[in-house]
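Structure at a glance
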Amino acid sequence: MRILLFGGFLGSGKTTTILQIAKYITENKHETVALIENEIGEAGIDDKLLADSGLQVRPLFGGCVCCQITSDLITAVREINETIKPDWLIIEMTGLAIPGNIAKLINEYCNFYTGFKTITIVDMGRWPELKEVLGPLVTGQVEKTDLVIINKADIAGSDRTEIINDIRELVNTAPIKVASAADKLPPDIIEEVIRFE
């Protein structure tokens, strides 16, 4: 099982991006995908799933299921690996989580995966404001990530080059891609997400 862990502040476009990637994997790679939605207070897949406890699984589309968790994440990842056995597990973290911290836990307690990658989605239009107001939270989401997708490039009013350079200082060598997930994500960006070296 390969794991993709998505982070990014509330409203950055994580769910839209994730669904396109999951669909691409199932339709073009013909592999199975399980999604864990761990979002709080955002309209997404989680609104369609109600669970009192444990793990609820619901089919989304061919070869893709959504897993709603109310127990802890590590337990859910292990349970999905043992019961569903997907080719891919995509985890959408809450917009207030630091992906690097979650990655550390998964690396420590879930050593059965064959590939692991963190992807942070950044809202291009709101980056300067969020960085100013929420500093350590939004920069912490970008630091120690394996890939950054700067999203909503089609509606951003901010200086693209300035934002890319600002994020580059935080991520060092991690690839940075610019996209608009509201449009269809280009295959090269999706392939970058699912590529393991």
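Scroll up for the structure.
Here is a short report on the structure shown in this document. Just so we're clear, the structure is a prediction, and the values are computed from it rather than from any experiment.

This paragraph deals with the pairing of strand S6 (residues 115–123). Two faces, one strand: in a regular strand the side chains alternate between the faces of the sheet. Buried residues dominate S6, accounting for 9 of its 9 residues. Of the two faces of S6, the one carrying Gly 115, Lys 117, Ile 119, Ile 121 and Asp 123 and the one carrying Phe 116, Thr 118, Thr 120 and Val 122 are both buried. As paired strands, strand S1 (residues 2–7) and S6 are joined by 6 bridges and run parallel to one another. Note on S6: the bridge partner recorded for Leu 5 is Thr 118. Relative to strand S7 (residues 147–151), S6 runs parallel, the two sharing 5 bridges. Each bridged residue has a counterpart across the sheet, and for Asp 123 the counterpart in S7 is Asn 151. Remark: the S6/helix H4 (residues 127–142)/S7 crossover connection has right-handed handedness.

Turning our attention to unusual backbone geometry. Its identity is not glycine, yet Lys 144 carries a phi of approximately 60°, on the positive side. Tracing the sequence through the fold places Lys 144 in the loop between H4 and S7. You can call Lys 144 exposed: its relative accessible area is 75%. Positive phi, normally seen in glycine, also occurs at Asn 172, with a value near 60°. Note that Asn 172 resides in the loop between helix H5 (160–171) and strand S8 (176–178). Relative accessible area serves as the criterion here: at 57%, Asn 172 is assigned to the exposed category.

Criteria and cut-off values
- Residues numbered from 1 in each chain as written.
- Predicted model: local features only at pLDDT ≥ 70, side-chain atom pairs only at ≥ 80, totals over all residues.
- Heavy atoms only, no water.
- Buried < 20%, exposed > 50% of the residue type's maximum accessible area, 1.4 Å probe, protein only.
- Helix = DSSP H or I, 4+ residues; strand = E, 2+ residues; numbered from the N terminus.
- Pairing = 2+ DSSP bridges.
- Right-handed = clockwise from strand over helix to strand, strands pointing away.

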